[in-house]
Amino acid sequence: MPVEDKISVIIFDGGSLQGEVEELMTKGRHAALLDTINKMKKVEYFQEFYLVTNFPQLAARARPLGVKVYLNSLAPADFHFGRALKELINSEGLHRVFCMGGGSIPLASMEELAALGRIICEEKESAVFSNNVQSGDFTAFVPAKAINNIPLPRQDNALATLLREEAGLAMKLFPNLPGLTFDLDTPTDLLVLGSSSNMGLHTSACLKELNLDFSRINAAKKVLRGDYQEVFLLGRVGAPVIA
């Protein structure tokens, strides 16, 4: 694969442990992230990995996987996503990047990851890809130097929009593949992840240690698998998730 076609994966995962719930979520998210990295490393399109984090334990577990770590000691309130991304892209001389958070796409299959990589690498001009037009959970763009032409966002959600509006990159949406619609935001998400058959070894070991109760989510899955069931979905539920 030509060097200009390789994808550099940039992962951001930071925060602080303030209470039992945040500690539980952080343990689950980090375990899932290590499994996601292992899956992505098996896809030819993703050729190098970078991690920006303030968690020394995560850094220590990621390095043996071949991940280059940018470890900082900043409090969440002091961290600036855009500045960190710009510094990394310029210092490493990156060209084609895929940015994601630590809790992104833990249920993505190898086939779905290969589809993502193929879509990004087929773009020979300048473009930005996102899973959401207004607030992206993960974003890819080429050329990476376009980061120098936008006001730097403090958080990642506005990155794709700024690259389109300020740097002039064509906006393209990733397909709504099932494994790309789920990420880890809440404790309930850990239950969904833990009741899935698409778990890696790190995630499985972590959730076993956390000793979570999966009885209700398994009961819900039984209903959803049934024929002619009436199900009420409450909240902001998009069509791809329903499908």
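Rules and cut-offs
Residues numbered from 1 in each chain as written. Predicted model: local features only at pLDDT ≥ 70, side-chain atom pairs only at ≥ 80, totals over all residues. Heavy atoms only, no water. Helix = DSSP H or I, 4+ residues; strand = E, 2+ residues; numbered from the N terminus. Buried < 20%, exposed > 50% of the residue type's maximum accessible area, 1.4 Å probe, protein only. Salt bridge = Lys/Arg side-chain N within 4 Å of Asp/Glu carboxyl O. Core = buried A, V, L, I, M, F, W, Y, C linked by side-chain atoms within 4.5 Å. Contact = heavy atoms within 4.5 Å. Pairing = 2+ DSSP bridges. Axes fitted to C-alpha atoms, helices over the stretch in contact; angles between N-to-C directions. Phe/Tyr/Trp six-rings, centres within 6.5 Å; stacked < 30°, edge-to-face > 60°.

## Some points on unusual backbone geometry
Then, number 1: Here Val142 and Pro143 are connected by a cis peptide whose omega angle stands at 0°.
Then, number 2: On the secondary structure map, Pro143 appears in the loop between strand 6 (138–142) and helix 5 (159–165).
Then, number 3: One non-glycine residue, Ile105, adopts positive backbone phi at about 40°.
Then, number 4: Residue placement: Ile105 occurs in the loop between strand 4 (97–101) and helix 4 (110–122).
Then, number 5: Here Ile105 falls in the buried class, since its relative accessible area comes to 1%.
Then, number 6: For Asn211, which is not glycine, the phi dihedral falls at a positive 55°.
Then, number 7: Position of Asn211 among the secondary structure elements: in the loop between helix 7 (201–210) and helix 8 (215–224).
Then, number 8: Of the residues examined, Asn211 reaches a relative accessible area of 66% and is grouped as exposed.

## Here we look at the pattern of salt bridges
Opposite charge on two side chains permits them to pair, given that their charged atoms come into close proximity.
Then, number 1: Evaluation of the coordinates by the stated rule reveals six salt bridges.
Then, number 2: We note a salt bridge from Glu48 to Lys6, for which the minimum N-O separation is 3.5 Å. Residue Glu48 is found in strand 2 (residues 46–53), and its partner Lys6 is found in the segment before strand 1 (7–13); the two are separated by 42 residues along the sequence.
Then, number 3: Among the ionic pairs, Glu123 bridges to Lys172, the shortest N-O distance being 2.5 Å. Placement of the pair is Glu123 in the loop between helix 4 and strand 5 (127–130) and Lys172 in strand 7 (residues 170–173), with a sequence separation of 49 residues.
Then, number 4: In this structure Glu123 comes out as buried when scored by relative accessible area, which is 10%.

## Topic: the nonpolar core
Then, number 1: Within the largest apolar cluster, 34 residues are counted, with the highest numbers of intra-cluster contacts made by Phe46, Phe98, Met100 and Ile105.
Then, number 2: Elements with a minimum of two residues in this core: strand 1, helix 1 (20–41), strand 2, helix 2 (56–62), strand 4, helix 4, strand 5 and strand 6.
Then, number 3: Filtering out sequence-adjacent residues up to four positions away, Met100 remains in contact with Val9, Ile10, Ile11, Phe12, Leu33, Thr36, Met40, Ile105, Asp137 and Phe138.
Then, number 4: By size, the runner-up hydrophobic cluster in this structure holds 23 residues, among which are Ala84, Val97, Val128 and Ala146.

## Focus on the sheet that holds strand 7
Then, number 1: The strand order 3-2-1-4-6-5-7 describes an open sheet built from seven strands, whose pairing is mixed. Two strands close off the open sheet at either side, each with one partner strand: strand 3 (68–71) and strand 7. Each strand axis lies, on average, 20° off the axis of its neighbour in the sheet, ignoring direction.
Then, number 2: Of the pairings in the sheet, the one linking strand 1 to strand 2 comprises seven bridges and is parallel in character. Across the sheet, residue Ile7 finds its bridge partner in strand 2, namely Phe46.
Then, number 3: Seen against the sheet, helix 3 (residues 81–92) touches strand 1, strand 2, strand 3, strand 4 and strand 6 and runs at an angle of roughly 150° to strand 1.

## Remarks on the packing of aromatic side chains
For any pair of aromatic rings, geometry is given as the distance between the ring centres together with the angle between the planes.
Then, number 1: Evaluation of the coordinates by the stated rule reveals seven aromatic pairs.
Then, number 2: When the centroid spacing of 6.1 Å and the interplanar angle of 55° are considered together, the rings of Phe46 and Phe98 count as tilted. With Phe46 in strand 2 and Phe98 in strand 4, this pair connects stretches of sequence that are 52 residues apart.
Then, number 3: By relative accessible area, Phe98 is classed as buried at 0%.
Then, number 4: Here the aromatic rings of Phe129 and Phe174 are separated by 5.6 Å at their centres, their planes lie at 20°, and the arrangement is stacked. Separated by 45 residues along the polypeptide, Phe129 in strand 5 and Phe174 in the loop between strand 7 and helix 6 (187–194) bring together distant segments of the chain.
Then, number 5: An aromatic cluster is defined as three or more aromatic residues linked by ring pairs; in this entry it consists of Phe46, Phe98, Phe129, Phe138 and Phe174.

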